[in-house]
Amino acid sequence: MSRYHLAQINIGRLRAPVDHPMIADFVANLARINALADGHPGFVWRLTGDGDDATDIKPDASDPMMALNMSVWTDPQSLGAFVYRSDHVAIMRRRHEWFEKLELYMALWWVPVGHRPTVEEGWGKVETLRRLGPTAEAFTFRQPFPAPDADQAPPPVLDECA
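The following refers to the structure shown. It should be emphasised that the depicted structure is a prediction, and the values quoted were computed from it without experimental measurement. (Residues numbered from 1 in each chain as written. Predicted model: local features only at pLDDT ≥ 70, side-chain atom pairs only at ≥ 80, totals over all residues. Heavy atoms only, no water.)

**Some remarks on the packing of aromatic side chains**
Per the counting criterion, the structure on display carries seven aromatic pairs. Among the aromatic side chains, those forming a connected cluster through ring pairs are Phe26, Trp98 and Phe99. (Phe/Tyr/Trp six-rings, centres within 6.5 Å; stacked < 30°, edge-to-face > 60°.)

Put into structure tokens, the structure is as follows:
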């Protein structure tokens, strides 16, 4: 049994403020998708702000349109199953309606069991991945690295949502 869990952050730049009608359908689905994550095998924790989601958390004070989601999972396969093989994928397929296209929008990294990553930690992992590419510090589904107490990396998660 590993002493590490997988943390993830995904970021996006909204096309309009979160309370704008253009974003309404995204916001209307948050509770349903968050509940789906909460009950999914391998789910450990997710970041929430004042409500039951993270829409009020601003990771970049210089850009109020930036949004984020962070969570912790037991392993990449559990997270991949939620992201690409649950009802979550239907929302991901519509992301272009609500978010601008970003070259880099997700980072994964290992955390000790029980650790809850901060926004600053997650934002730093995105920057590390942007600067260095996949490393043991921050990686992707396609190029995973082993947990610090593992001999080999988990298999890549190669699913796509189109």
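**Considering helix α1 (residues 24-38)**
For α1, built from 15 residues, the straight-helix expectation of 21 Å at 1.5 Å per residue is met to within 8% by its first-to-last C-alpha distance of 22 Å. At Leu30, α1 shows its maximal kink, close to 40°. Those residues of α1 that sit buried are Phe26, Asn29, Leu30, Ile33, Asn34 and Ala37. Contact partners of the buried residues in α1: β2 (43-46), β3 (66-73), α2 (76-85), α3 (88-92) and α4 (95-98). (Helix = DSSP H or I, 4+ residues; strand = E, 2+ residues; numbered from the N terminus. Expected span 1.5 Å × (residues − 1). Bend = angle between axes of the 7 residues up to and from the residue. Buried < 20%, exposed > 50% of the residue type's maximum accessible area, 1.4 Å probe, protein only. Contact = heavy atoms within 4.5 Å.)

**Some points on the pairing of β3**
Here is the key point about a regular strand: its side chains alternate between the two faces of the sheet. Of all eight residues in β3, seven are buried, a share of seventy percent or more. Both strand β1 (residues 4-13) and β3 contribute to a ladder of eight bridges, which runs antiparallel. Bridged to Ala7 within β3 is Val72. Here β2 pairs with β3 via three bridges, running antiparallel. Bridging from a neighbouring strand, Trp45 pairs with Val72 of β3. (Pairing = 2+ DSSP bridges.)

**Remarks on the side chain of Ser71**
In this fold, Ser71 is placed in strand β3. Look at Ser71 and you get buried, because its relative accessible area is 5%. Here the side chain of Ser71 touches Trp73 through a polar contact of 2.8 Å, side chain to side chain. (Polar contact = N/O pair within 3.5 Å; in protein donor to acceptor, adjacent residues only side chain to side chain.)

**Looking at the sheet that holds β3**
Ordered by their spatial adjacency, four strands build an open sheet running β2-β3-β1-β4, and the pairing between neighbours is antiparallel. Edge positions in the open sheet fall to β2 and β4 (106-112), since each of these has one partner strand only. Within the sheet, the average angular offset between the axes of one strand and its neighbour, ignoring direction, is 25°. Inspection of the sheet shows β1 paired to β4 by seven bridges, in the antiparallel sense. Of the residues in β4, the one forming a bridge with Ala7 is Trp109. (Axes fitted to C-alpha atoms, helices over the stretch in contact; angles between N-to-C directions.)

**Looking at α2**
With eight of ten residues buried, α2 is to be regarded as a mostly interior element. On the buried face of α2, the contacting elements are β1, α1, β3, α3 and β4. The opening residue of α2, the one whose side-chain oxygen lies 3.0 Å from the backbone nitrogen of Gln77, is Asp75.

**Some words on the environment of Met65**
Along the chain, Met65 falls in the loop between β2 and β3. Residues within four places of Met65 in sequence aside, it is in contact with Gly12, Arg13, Leu14, Arg15, Ala16 and Pro17.

**Quick look at the nonpolar core**
Counting residues in hydrophobic clusters, the biggest one holds 28 residues, and the most contacted among them are Leu79, Leu108 and Phe141. Contact partners of Leu79, with chain neighbours within four places excluded, come to Leu6, Gln8, Trp73, Leu108 and Phe141. One finds Ile11, Met70, Trp109 and Val126 within the second-largest nonpolar core, a separate group that totals 20 residues. (Core = buried A, V, L, I, M, F, W, Y, C linked by side-chain atoms within 4.5 Å.)

**What about the pattern of salt bridges?**
Considering all chains together, one arrives at nine salt bridges under this definition. A salt bridge links Asp63 to Arg13; its shortest N-O distance comes to 2.8 Å. Taken together, the positions of Asp63 in the loop between β2 and β3 and Arg13 in strand β1 put the pair 50 residues apart, joining distant regions of the chain. Since its relative accessible area comes to 14%, Asp63 is described here as buried. Through salt bridges with shared partners, one network takes in Arg13, Asp63 and Glu100. (Salt bridge = Lys/Arg side-chain N within 4 Å of Asp/Glu carboxyl O.)

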